[in-house]
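# What the coordinates show
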Amino acid sequence: MSDAKIVVRRLGVFFGQAQSLRWVTMDVPRNRILGIIGPSGSGKTTFLRTLNRLNDLSPDTHIEGEVLLDGQDIHHPNFDVVALRKRIGMVFALPVPLPMSIFDNVVYGARLAGVKRDKWDELVERSLRAAFLWDEVKDRLHTSGMRLSGGQQQRLCLARTLAMEPEVVLLDEPCSGLDPISTAKIEEALTILKAKYTIVLVTNNTKQAARVADDTAFFLMGEMVEHGPTSQIFTVPRDKRTNDYVTGRFG
Amino acid sequence: MERHFDEELNDLKHRLTKMCALAETMIGDAIKALVQRDASALTAIQQHEAEVNRLQVEIDEMCFTMIALRQPTASDLRFILGATKTTTDLERLADQAVNISNKAERLMKQDPLKPFVIIPQMTDIARGMVRDSLHAYVNRQVEKAREVIQRDAQLNALKKEINAEMLEFMQRNPATVPYALDIVLVAHNLERIGDHAKNIAENAVFVIEGKDIRHGTENRPAA
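Cut-offs and rules
- Residues numbered from 1 in each chain as written.
- Chains lettered and ligands numbered in written order.
- Predicted model: local features only at pLDDT ≥ 70, side-chain atom pairs only at ≥ 80, totals over all residues.
- Heavy atoms only, no water.
- Helix = DSSP H or I, 4+ residues; strand = E, 2+ residues; numbered from the N terminus.
- Rg over C-alpha atoms; globule rule 2.2 N^0.38 Å.
- Buried < 20%, exposed > 50% of the residue type's maximum accessible area, 1.4 Å probe, protein only.
- Contact = heavy atoms within 4.5 Å.
- Axes fitted to C-alpha atoms, helices over the stretch in contact; angles between N-to-C directions.
- Parallel < 35°, antiparallel > 145°, perpendicular 65-115°, else oblique.
- Left-handed = near helix turned anticlockwise from the far one by under 90°.
- Nonpolar A, V, L, I, M, F, W, Y, C, P; charged D, E, K, R; others polar.
- pLDDT = per-residue confidence, 0-100.
- Disulfide = S-S within 2.5 Å.
- Pairing = 2+ DSSP bridges.

Before going further, it helps to examine the overall build of chain B. Scanning chain B from terminus to terminus reveals six helices and zero strands. Helices and strands appear in chain B in the N-to-C order α-α-α-α-α-α. A compact globule built from 223 residues would reach a C-alpha radius of gyration of about 17 Å, and chain B, at 19 Å, matches this within 12%. Dimensions of chain B, computed from the C-alpha atoms along their principal axes, are close to 65 × 40 × 20 Å. Per-residue burial over chain B gives 51% buried out of 223 residues. Of the contacts made within chain B by residues no fewer than 6 positions apart, 81% connect residues no fewer than 24 positions apart.

Okay, structure coming up:
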């Protein structure tokens, strides 16, 4: 089995005439955390959304190049998009708990996917534990998910994603609205989860990428400028633009 | 984009330059006392040493605070880590100047064995290395840093020359041993000053290129 869970080759993404990603080529290694950093408009979220074909939902989208998941082209006409999104889960910047109980939030996707009721208890506990939320909510699983704090809501969303037992977890600025303690809990969860999942983390907080990512890619104006081990990107970046960004000279 | 952090880094550069200028003056004064037998050249050495020590503590505290509050990365991180090493080298080379001044105090009371030729040559090279290594460090001049490193060999060769010369005096006339030994030690102090300047120049290469070239490891990546 290749070390790369996802292989991206000359990926170009166009929205109408505008090219948002410029021929990105990189491997996303399995069971590691890939951090993606870059200023606003650099294409990092576009890249993330391309990995589970969320960009397909935008009109006038045109994609060139290849994205291979375990060697299979996810844009191939025979590739099942629903199955893809089960295999590649996503957590967004703003936590969006569904207006139902914590328990029902976690099993929502699994229930739609046909998981039997007798599996739900175990699934909820396992997912909430993996998201580092179980101890805080185990005595109130049937209260509304909307009543949790922001940090807890985000971990509930992570648990909901994990309940689908994905292979890859995409996170789009998951801590942007969270306090330092909640952020630390999410980061701690990610560090442990990578043993089982491949994680791609888009973040505007370069320090967060430095703390949790094994590898980091720097995007600028739709181009992937540099990609390498996080320790190298934050100490001896090869490209001056990367140096200027990670030292806060722009962005 | 100019950052407030850049002002702090400029302040750090300014203090390093001041510390270097003091250390270089101390070397010049100690040798002037020895060669010109001028006791007045030694009057400021103790005061300069105290100032160098104070600056070392001050700069290290600045670096510590910047690391804690700014969490620097990449070139900024390398510069700040390099600064703490540079203050150590500057403080130690200033100590070598104090050692020279202690010997100068004794030697200036006696007639020299011969006119001073090699010691002033070594002094010019050592002072130049100190000045240029720090200049390369704060102004990110990698070619100058590599050139300083090359100069260290000249200093080592001159030290060997002076050792041979003094050995000859000692063998011919044992009464010259105390004086000649002190001259050998002064040459050793100047050679050590060159070593510290070389360290600063190697640090400059690390800051500018991210390459750790200490101990001849020119091609090893830093991270």
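Now that the structure has been shown, the text picks up again.
Moving on: the overall build of chain A. Each helix and strand in chain A was counted, giving 10 helices and 10 strands. Against the globule reference of 18 Å for 251 residues, chain A gives a C-alpha radius of gyration of 18 Å, in line with a compact fold. Dimensions along the principal axes, computed over C-alpha positions, put chain A at roughly 50 × 45 × 35 Å. Looking at chain A as a whole, 52% of its 251 residues qualify as buried.

All names here are of chain B. One way to put it is that helix α1 (residues 4–35) packs onto helix α2 (residues 45–70) with a least axis distance of 10 Å and a crossing angle of 160 degrees. Taken as axis vectors, α1 and α2 run roughly antiparallel relative to one another. For the crossing formed where α1 meets α2, the hand is left-handed. Here the residues of the contact of α1 with α2 sort into 16 nonpolar, four polar and 10 charged.

When pLDDT is low, close inspection of the predicted coordinates is not appropriate. Overall, the prediction assigns chain B a mean pLDDT of 94, with 96% of residues at 70 or greater. Considering each helix and strand of chain B separately, the mean pLDDT is smallest for α2 of chain B, with a value of 95, and largest for helix α4 (residues 118–139) of chain B, with 98.

By definition, a disulfide links two cysteine residues through a covalent bond between their sulfur atoms. Taken as a whole and judged by the stated rule, the model has zero disulfides over all chains. Of all cysteine sulfurs in the structure, the one in Cys175 of chain A sits closest to Cys157 of chain A, which takes part in no disulfide; the separation is 12 Å. The class of Cys157 of chain A is buried, set by a relative accessible area of 6%. The structure places no disulfide on Cys20 of chain B, whose sulfur is separated from the nearest cysteine sulfur, that of Cys63 of chain B, by 16 Å.

Right, let's talk about the pairing of strand β2 (residues 18–29) of chain A for a bit. Residues and elements named next belong to chain A. Here strand β1 (residues 4–15) pairs with β2 via eight bridges, running antiparallel. The partner of Phe15 across the bridge, within β2, is Ala18. Hairpin remark: β1 followed by β2, antiparallel, with two residues in the connecting loop; positive phi at Gly16, about 65 degrees.

Glancing now at unusual backbone geometry. Despite not being glycine, Trp23 of chain A has its phi angle at roughly 55 degrees, a positive value. Relative to the helices and strands, Trp23 of chain A is located in strand β2. Accessibility expressed as a relative area gives 31% for Trp23 of chain A, which makes it partly exposed. In this structure, Gln71 of chain B takes a positive phi of about 45 degrees despite not being glycine. Relative accessible area serves as the criterion here: at 41%, Gln71 of chain B is assigned to the partly exposed category.

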